[in-house]
Amino acid sequence: MKTIKELRGMLDKKEISSVELTKEYLDRAERLNGELNAYITISRGEALSEAERADKKIAEGGALPLTGIPLAIKDNICIEGVRTTCASKMLENFNPIYNATAIEKLNEQGAVYLGKTNMDEFAMGGSSQTSYFGGPKNPYDTERVPGGSSGGSAAAVAADICAAALGSDTGGSIRQPSSFCGVTGLKPTYGTVSRYGLIAFASSLDQIGPIANSAEDCGIILNAIAGRDRHDQTSRCTGVSDYTSLVGGSIKGKKIAMPKEFFGEGIDDEVKECVFAAAKFFEENGAELVEVSIPTLKYAVSSYYLLACAEASSNLARYDGVKYGYRAEDAESFDELIKRSRYEGFGREVKRRILLGTYALSSGYYDAYYKKAMAVRQQFIKEHKAIFEKCDVMLTPTAPTVAYKCSENIDDPVKMYLADVCTVTSNMVGIPTVSTPCGYDKNGMPIGVSISANHFEDAKVIQFADCFEKQFSKQAARI
Ligand code: GLN
C-alpha cells in the first residue's frame, strides 16, 4: 500500500514507470474484482494508453503531482467514451460525450483511470447494495458492506487496487464508506469542486471529493480538481492555492468542538471509545477540547431526506426513455413509454425517493414539509456558525457503527436512513469534513473519526487528520 506522495517519488526517480505501475494495479484489480465487485468497469486499454502518455510527460520533465498516478473513479462521474452507469439499469449503456470538469482537471495533470467503481444506484444509499450490478464487498470482511454510496471507491482504495479514488458525497457517501473501509475520505466545502459531469442526485448537497490512503493525498487530489468552473454556477474560486499547505503545522492551542449530541444513544460504545481516544490524542498534543451543542441534530435525518428526495425527484425527471438512457420496448403510447421506462429502469430505492420527493413538493404539502426542512437547514447553519466562531474544528464519529453484514438493513429503509445521522449536517451546512481511521472493533473492523471546519477551511481539516494519521498504526485489509 503506497500513498500518492510515495508513488510520485518512485515515478520521478524512474524506479517504476507509470505503465508498470498501472499494470500492477490492473492485474490485482482483475484478480480481486470477482470477489470484491468494487469496479463496475475496468478500462485496461484506456488506462495503459494514459499511462504511456504520462511516462512521456515524466520523461520530458513535465510531471505534475498526479501524472501517471492510477486512480479509480466513481461511476456517477462522466468520462468521455467510458461507460458511466450510476449503477442503474437506466444508464446501463450510457457513454458520456463529455468529461466532468473534475476529470478534465485530472487530465491536465496526466492522471490514469483504471476504471469506474461500484456504488448505490444514483448514489442513493449507505451500503452500495442497491447497485444494479450487485453490491461491492468490504475488503476487511467480504461478508460485510463497504458502506455507501461510494462503496466501490473506498473498497478499491482499501484493497490496494487503485492508488486513490474519486467519490461523491450528498449526505455522507465519501466519509461513511471511508470509515467502513479504513481509509481517508474528504467531502470538500460545497462549491470547491465543480459538479459539472457529476450525475445529479441532490444538487444543493452534492460534492465530488477524494478517497485515499492519507489526508495529505486527499489534499493533493483536491489541489487538482478544485476551482471555479463556468459550467457550474455554484462552483467557487476559494482563494486556496494549496490544500496541503498546513500539513505538519502545530495544533497547539487549537480548539476542538465536541458536540454532545453526536455521542449519545444509538452510537456504538466501541465507536465512541475510539473517537474519544482520538480526541485525547489531540488534547495531549496541546489542543483544547470544548463541549458544544447542536440541539437541532434530532431533525437532521428527517430534514435531509426531505430535501435530498425533493431535489432528486426533480433531477431524475430527465430519465424519460426519450432523450437517453433505458427505453422500454413496445410501448403503445407516449405516456406508456415514459411510465414503463421509469418503472423498469429504476430500482426500488430510487423509486421510493422519487415518490417521497414528489409528494413533499406537491402543492398543499410544500409548506408542511419542504419549507420546514429548509428552516431546519438554516438553523443548522446558525448552530455551526456559532461553533466555528469559538472553535477551530469539530470532532465527531463518522458513522454510528462499523460495517454491517450484507444482508442486514437492506429491507429496512428507515433504519438505513437513521444511520446517516453523523454525516448529513455537513452537507446541509456546506462545510468541509474529512473522515480518517481511528481504531478497530473487536472483529477487526475499521472505525472512522470525522473532522469538520468552517467553509473553505479544507486545508485545516487535512492538517488535523494528517496530524492524527502520523501516529496511528493502520491495519491492512485482509483481502
Ligand atoms: N446515505 C445517504 C443517502 O442515502 C447519503 C448518500 C450520498 O451521500 N450520496 O442519501
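Residues numbered from 1 in each chain as written. Predicted model: local features only at pLDDT ≥ 70, side-chain atom pairs only at ≥ 80, totals over all residues. Heavy atoms only, no water.

Would you mind showing me how to read the site of the ligand here?
Lining the immediate surroundings of the ligand are 15 residues, of which T170, G171, S173, Y304 and R353 lie closest. Taking G125, its main chain carries an N or O atom lying 3.0 Å from an oxygen atom of the ligand. At 2.6 Å from an oxygen atom of the ligand is found a main-chain nitrogen or oxygen belonging to G171. Computed on the free molecule, the ligand has an accessible area of 290 Å², of which 99% lies beneath the protein chains in the complex. In the shell around the ligand, the residues fall into five nonpolar, seven polar and three charged. (Near = heavy atom within 4 Å. Polar contact = N/O pair within 3.5 Å; in protein donor to acceptor, adjacent residues only side chain to side chain. Areas by Shrake-Rupley, 256 points an atom, 1.4 Å probe, with all protein chains shown as cover. Nonpolar A, V, L, I, M, F, W, Y, C, P; charged D, E, K, R; others polar.)

When you look at helix α8 (residues 269–284) in this model, what are you seeing that I'm missing?
In a regular helix each residue adds 1.5 Å, so 16 residues correspond to 22 Å; α8 covers 22 Å between its end C-alpha atoms and thus fits that length. Looking only at α8, the buried set comprises V271, K272, C274, V275, A278, A279, F281 and F282. The inward-facing, buried residues of α8 abut β7 (255–259), β8 (288–292), β9 (393–397), β10 (433–440), β11 (446–452) and α15 (458–469). Within two residues after α8, G286 carries a phi angle of roughly 100°, on the positive side. (Helix = DSSP H or I, 4+ residues; strand = E, 2+ residues; numbered from the N terminus. Expected span 1.5 Å × (residues − 1). Buried < 20%, exposed > 50% of the residue type's maximum accessible area, 1.4 Å probe, protein only. Contact = heavy atoms within 4.5 Å.)

Just checking my understanding: could you explain the packing of helix α9 (residues 300–315) against helix α11 (residues 348–361) for this structure?
Each packed pair of helices is defined by two parameters, the angle between the axes and the distance between the axes. Between α9 and α11, the shortest axis-to-axis distance is 7 Å and the interhelical angle comes to 100°. Classed by the angle they form, the pair α9 and α11 counts as roughly perpendicular. Where α9 approaches α11, its residues Y305, L306, C309, A310 and S313 are matched on the opposing element by R353, I354, L356, G357, T358, A360 and L361. Residue composition of the contact of α9 with α11, by class: eight nonpolar, three polar and one charged. (Axes fitted to C-alpha atoms, helices over the stretch in contact; angles between N-to-C directions. Parallel < 35°, antiparallel > 145°, perpendicular 65-115°, else oblique.)

Just checking my understanding: could you explain the nonpolar core for this structure?
What tends to happen in soluble globular proteins is that the nonpolar side chains get buried as a cluster. L106, F122 and F282 are the most contacted members of the largest nonpolar core, which has 153 residues in total. Looking at this core element by element, the count peaks at nine residues for α9. Ignoring anything within four residues of it in the chain, the contact list for F122 reads C86, S88, M90, L91, I199, F201, L316, Y319, F346 and V350. (Core = buried A, V, L, I, M, F, W, Y, C linked by side-chain atoms within 4.5 Å.)

Help me understand the environment of G167, please; the structure alone is not making it clear to me.
Note that G167 resides in strand β4 (residues 164–169). G167 sits 18 residues away from G185 along the chain, and the two C-alpha atoms are 8.5 Å apart.

Sorry, what's going on with a nonpolar patch on the surface here?
Among the surface-exposed residues, Y359, Y365 and Y369 lie close enough to one another that they form a single nonpolar patch of about 280 Å² accessible area. Take Y369: it is sitting in helix α12 (residues 367–390). (Patch = residues over 30% accessible without salt bridge, like charges linked within 9 Å, V, L, I, M, F, W, Y side chains within 5 Å. Salt bridge = Lys/Arg side-chain N within 4 Å of Asp/Glu carboxyl O.)

I would appreciate a short explanation of the sheet that holds strand β6 (residues 207–212) in the present structure.
Whether parallel or antiparallel, the strands of a sheet pair through hydrogen bonds between backbone atoms. On the basis of which strands lie adjacent, the open sheet formed by 11 strands has the order β1-β3-β2-β4-β6-β5-β10-β11-β9-β7-β8 and mixed pairing. The strands lining the two open edges of the sheet, one partner per strand, are β1 (39–42) and β8. With strand direction ignored, the average angle separating the axes of adjacent strands in the sheet is 30°. In terms of strand pairing, β10 meets β11 through seven bridges, oriented antiparallel. Bridge assignment links T436 to a residue of β11, and that residue is V449. (Pairing = 2+ DSSP bridges.)

So what exactly am I meant to see when it comes to the environment of N454 here?
Relative to the helices and strands, N454 is located in the loop between β11 and α15. Considering only alpha carbons, one finds N454 and S426, 28 residues apart in sequence, at a separation of 10.0 Å. Residues in contact with N454, not counting those within four places in the same chain, are F388, I431 and P432.

What should I look at first to understand the pairing of strand β2 (residues 70–74) in this one?
Each regular strand displays side chains that alternate between the two surfaces of the sheet. Burial runs high along β2: five of the five residues are buried. Judged by which residues are buried, β2 turns out to be covered on both faces: P70, A72 and K74 on one side and L71 and I73 on the other are all buried. With five bridges joining them, β2 and strand β3 (residues 112–117) adopt parallel strand pairing. When the bridges of β3 are listed, L71 appears paired with Y113. As a crossover connection, the stretch from β2 through helix α4 (residues 101–109) into β3 is right-handed. Sheet topology note: the β2/β4 ladder contains three bridges and is parallel. Bridge pairing in β4 links L71 to A164. (Right-handed = clockwise from strand over helix to strand, strands pointing away.)

In short, shape yes, function no, at least from these values alone.
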